[in-house]
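# Reading the structure
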Amino acid sequence: MAEQRVVRRLSRRDFMRFSSLGLVALGLGGCVMPTAVAPAASPQPSPALKKPVTIKWAHYFDPLQSPAQKFNYAWMERMVATFEEKYPEINVEPEYFDWDKIDNRSILDYEAGIKHDVMFGSPQLMAKHFQVGDYIDLTPYIKQWPEDEVKDFSWSPVWASARQDDVQIGVPTGVHTRSVAYRRDMFKEAGLDPDTPPKTWDECLEAAKALTKGDVWGLGMYFGPSRATIELYFAPFVWHFGGELWDPATKKATFASEAGVKAAQVIYDLVYTHKVTPESAIGGTYDDAILASFLAGRLAMGWGFGSYWIVSLEEKGFIKNCFPAKAECTEETAGVMVTPTAPGAQFTNAWTLSIHKLSEHPAEAFKFLEFLIAPENLYDFPDAGLPARLSLWSKAEFQSSFYQKWLEAARKGRPMPPTVHYPELADTTAACLQEILVNKAPIAETLKKFEDEWNAKYAGA
Amino acid sequence: MPSTLERSTAFTRRPGWSLYLWRRYRLPYLLLLPVVLLLLLFLAWPLASVFYFSLRRTPLGEPSQFVGLDNFALLFREARFLGNILASLQYLVGVLGLSVPVAYLAAVLISSKVRGAGAFRTLFLLPWIIAPVVSAILFRTMVDPYTGPVARALETLTGRKYLFLVNPQLAVITIIVHSAWRSFPLEMLLIAAGLTSIPQELYDSAKVDGAGGWAQFRYVTLPLTKNQLFVAVLLITIWTLQDAEGVYSLTQGGPGYTTEVVGVRLFKEAFIYFNVGIAAAIGVVLIALSVLFMVFYLRVLGAGEGQ
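Residues numbered from 1 in each chain as written. Chains lettered and ligands numbered in written order. Predicted model: local features only at pLDDT ≥ 70, side-chain atom pairs only at ≥ 80, totals over all residues.

For the rest of this paragraph, the subject is the overall build of chain B. Within chain B, the regular secondary structure consists of 14 helices and two strands. Here the C-alpha radius of gyration of chain B, 26 Å, is well above what a compact globule of 307 residues would show, namely 19 Å. Considered along the principal axes of its C-alpha atoms, chain B spans approximately 95 × 70 × 30 Å. Taken over 307 residues, chain B has a buried fraction of 31%. Long-range pairs, those at least 24 residues apart, make up 66% of the contacts in chain B with a sequence separation of at least 6. (Helix = DSSP H or I, 4+ residues; strand = E, 2+ residues; numbered from the N terminus. Rg over C-alpha atoms; globule rule 2.2 N^0.38 Å. Buried ≥ 20, exposed ≤ 12 C-beta atoms within 10 Å, placed from the backbone. Contact = placed C-beta atoms within 7 Å.)

Spelled out as structure tokens, the structure:
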């Protein structure tokens, strides 16, 4: 009997002891925070190269998201398969993020200790990436390139955007610029010459008025809650009228200037005075408002038509032999014209490829990055838009009038202001424009109100 | 003769008394320990850290600084933030105003003995099990001005185009309907639980006293489901006040800041702009708002308790 009691007491004690130990272990395990310590960047492949390693590739290609993305997705799958065949010791694991969240994901995951390897990034946010330090310095790797290879990329403004304080944190994959896509057949129906599209803003507006009839809108634009609103619509007009969005000297927002008021007035008039742009442009998505609407025949002209959508025009049969680029490229049902704003009043960017600071295999990641930007691989990457490599521009495929117009557009382009608070600036101006448009709020006062609000928080930073 | 105090002091000072207490009561306390630790880890710590960060400026990649109440001062000086609070209150009133009556009707239906009540129960629970982002995309598709069936049907009926997510009033209505559609199943379940616990005899007695349908509802059903209603309203209030994903997926806070409720603003500050200090300050305001509503409901719905 006494023996039984002893056994029972001991087992309860043991139970409590083990439970306590387990809890302490759990607590300690849970409290150990992952440390965001960067592995030392080394141009030499790590010893792990000999063993199969897996690197992650963060992309934004959702085949269901827009008509253009399925081509990007197919390209991505082909790249992974080809690379893995060429380098069997390296596996590539794609990971998807929304295009407008991929930069934030990199930053947040860096802070949270979550590892990535190769990542797409936006040049507009390079200042932020550099401030946070979530991308590694690619300079030691790039130094091993031949000089011509560096020159082939360094002409691009995107290369410069990805260079912060002499630290290269990204490599461009193409040139994203925008044009105005127009329906040649609708031009003819409206009595306009499709071979001489508008060259000035006034001519463009007159054409839009002539083209607007029934269910067809003369000029498609987008003013929704997205970065596209500032980049492709508001900023080009502010620059067109001689203004700036942000002053690098004082680090203050300046979009409520006289030029800003004129830009907002132009946009307001398009929707409510001239009625050539649909009111639905204030909501929805950029892809729907421009690409899908243009392909569906709801727009006669689509402003802010990206070079990344050339593939969609080709698929629809609006252009022929233009993607991948061929010398015989011709504009059939649709054509493109250079955005009719003043020189330099257009936004140009591109996606960059970078390596996450927490990558455990930076050398392998850079090998994959180099593979992706090889001329033969970038050539048919739909979202490259236009060649990032200068040497490609002199090839016969890019001498057609179609591509020469894109080149002119790219030359005219400029980046967005290099403020670390760019996402806030983009959101603030989009909200401001929406306030003006949906509530018909007084333009100058509303711009000032939003500008003051932004400056109260971010001026000087 | 020693006094009671002296006796008790003598007891507590007796050697081995603490050991005796520990041996006698340790098991329940030790069994409670894991729960207490988990609560501290997942409730107290995050709550304390919200208050801590609300008093600091925390730029990414730089050390944080103590700024006192600056984050709160900045927020309350902003017309935008006051608009966020008003948008949240409007959203909350709309969601409760729409979902509670619908939930009551649905609860009556699924608690009744009509044929197909079980099928309705399953059907009504569907909105609750769909992820908010998925249902938001579903709603967006339905109200698309060119391809959405709701927008197209209304256009066919009235002859004018409905831009649900562009028109400020329609955008507010859209987020309210979406949230009410998602909220009513939970309210329905809670109210139905209350309904099934009401004895039939009470209705029979009310009928004998000459009570009609409305009088039965007012004097029998409503008072006896008040506790369930209180829990349902409180839960939905807290969820609606803190809702970010549903609204953000539908409108991103637009047009302008019309539908930028406090939860959406918090999400933007924390995860898009990385203003952790301001986001934490918004979090504190949200907690305060939730507590205010809890006290208010306790006063209003809890009044008369025990009578």
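Moving on, there is more to tell.
What follows covers the overall build of chain A. A count of helical and extended segments in chain A gives 19 helices and 14 strands. Counting only residues that meet the buried cut, chain A has 49% of its 461 residues in that class.

All names here are of chain A. Reading across from one edge, 2-1-3-14-6 is the order of the five strands in this open sheet, with mixed pairing throughout. Each edge of the open sheet carries a strand with a single partner, namely strand 2 (90-96) and strand 6 (171-172). Bridge count for strand 1 (residues 53-59) against strand 2 is seven bridges, and the pairing is parallel. Residue pairing for strand 2: Val 53 is matched across the bridge by Ile 90. Against the sheet, helix 3 (residues 102-112) engages strand 1 and strand 3 (118-121), with an angle of about 130° to strand 3. (Pairing = 2+ DSSP bridges. Axes fitted to C-alpha atoms, helices over the stretch in contact; angles between N-to-C directions.)

Each regular strand carries side chains that alternate between the two faces of the sheet. Residue and element names in this part refer to chain A. Along strand 7 (residues 178-183), six of the six residues are buried, which leaves the element largely enclosed by surrounding structure. Side chains of strand 7 alternate between two faces, with Arg 178, Val 180 and Tyr 182 and Ser 179, Ala 181 and Arg 183 buried alike. Here strand 7 runs beside strand 10 (residues 301-306); their pairing, made up of five bridges, is antiparallel. Counted as the bridge partner of Ala 181 is Gly 302 from strand 10. As paired strands, strand 7 and strand 13 (residues 334-338) are joined by five bridges and run antiparallel to one another. Paired with Arg 183 across the bridge in strand 13 is Ala 334.

Right, let's talk about the interface of chain A and chain B for a bit. Think of interface size as the accessible area that goes away when the parts come together; that is how it is often given. Listed by partner, the interface residues are 26 residues for chain A and 25 residues for chain B. In terms of residues, the side of chain A that touches chain B owes the most to one element, helix 18 (residues 422-438) of chain A, which gives six residues. Of the residues assigned to the side of chain A that touches chain B, the class counts are ten nonpolar, ten polar and six charged. (Nonpolar A, V, L, I, M, F, W, Y, C, P; charged D, E, K, R; others polar.)

What follows concerns the sheet that holds strand 10 of chain A. Residues and elements named next belong to chain A. Overall, antiparallel pairing links the three strands, which are arranged 10-7-13 in an open sheet. A strand with exactly one partner marks an edge of an open sheet, and here the two such strands are strand 10 and strand 13. Strand-to-strand twist of the sheet, defined as the mean angle between neighbouring strand axes without regard to direction, takes the value 35°. Packed onto the sheet, helix 12 (residues 286-295) meets strand 7 and strand 10 and runs at close to 120° relative to strand 10.

The subject of this paragraph is the domain arrangement of chain B. Here chain B is partitioned into domain 1 (4-42) and domain 2 (70-301). For domain 1 of chain B versus domain 2 of chain B, the distance between C-alpha centres works out to 46 Å. (Domains from an automatic or database assignment.)

Another aspect to go through is the domain arrangement of chain A. Residues and elements named next belong to chain A. In terms of domain boundaries, chain A breaks down into domain 1 (47-169 + 351-384) and domain 2 (178-348 + 415-458). Computed over C-alpha atoms, the centres of domain 1 and domain 2 are 29 Å apart. Taken together, the contact between domain 1 and domain 2 spans 17 residues of the former and 18 residues of the latter. Sorting the residues of the side of domain 1 that touches domain 2 by element identifies helix 4 (126-132) and helix 7 (157-161) as the ones contributing at least two each. For the side of domain 1 that touches domain 2, the leading source of residues is helix 4, giving three residues. Of the residues belonging to the side of domain 1 that touches domain 2, the class tally is nine nonpolar, four polar and four charged.

All names here are of chain B. With 17 residues, helix 11 (residues 226-242) extends 24 Å from end C-alpha to end C-alpha; this agrees with the ideal 24 Å at 1.5 Å per step. Of the positions making up helix 11, those classed as buried are Ala 232, Val 233, Ile 236, Thr 237, Thr 240 and Leu 241. Each buried residue of helix 11 sits inside an arc of 150° when the element is viewed along its axis, so together they form one side. On its buried face, helix 11 sits against helix 4 (79-111), helix 8 (168-196), helix 13 (262-271) and helix 14 (276-301). (Expected span 1.5 Å × (residues − 1). Arc of directions from axis to C-beta.)

Residue and element names in this part refer to chain A. Model confidence for chain A is summarised by a mean pLDDT of 88, while 88% of its residues fall at 70 or above. Below a pLDDT of 50 lies the segment residues 1-10, which in the model reaches zero contacts outside its immediate sequence neighbourhood of four places, other chains included. Throughout residues 23-42 the model reports pLDDT below 50, and contacts reaching past four residues in sequence, or to other chains, amount to 21 contacts. (pLDDT = per-residue confidence, 0-100.)

Turning to the packing of helix 4 of chain B against helix 8 of chain B, a few remarks are in order. All names here are of chain B. The N-to-C vectors of helix 4 and helix 8 enclose an angle of 40°; their axes lie 6 Å apart at closest approach. When the axis of helix 4 is compared with that of helix 8, the two are oblique. The interaxial crossing formed by helix 4 with helix 8 has right-handed handedness. Looking at the contact of helix 4 with helix 8 residue by residue, the class counts come to 21 nonpolar, seven polar and one charged. (Parallel < 35°, antiparallel > 145°, perpendicular 65-115°, else oblique. Left-handed = near helix turned anticlockwise from the far one by under 90°.)

Residues and elements named next belong to chain B. Topologically, Ile 191 is positioned in helix 8. Expressed as a C-alpha distance, the spacing of Ile 191 and Gln 242, which sit 51 residues apart in the sequence, is 23 Å. Setting aside residues no more than four positions away along its own chain, Ile 191 makes contact with Ala 103, Tyr 104, Ala 107, Thr 225, Gln 228, Leu 229 and Ala 232.

A word on the environment of Asp144(B). Relative to the elements of secondary structure, Asp144(B) occurs in the loop between helix 6 (132-142) and helix 7 (149-158). What makes Asp144(B) buried here is the crowd of 20 C-beta atoms within 10 Å.

The next subject is the environment of Leu186(B). Residues and elements named next belong to chain B. The topology assignment puts Leu 186 in helix 8. Among the residues examined, Leu 186 registers 19 C-beta atoms within 10 Å and is labelled partly exposed. The sequence separation of Leu 186 and Ser 99 amounts to 87 residues, and the corresponding C-alpha distance is 9.9 Å. Ignoring any residue separated from it by four or fewer positions in sequence, one finds Leu 186 in contact with Trp 128, Ala 232 and Leu 235.

It is worth spelling out the confidence of the model for chain B at this point. Looking at chain B, pLDDT values average 89 and 93% of them are 70 or higher. The complex prediction reports pTM at 0.80, with the ipTM value standing at 0.79.

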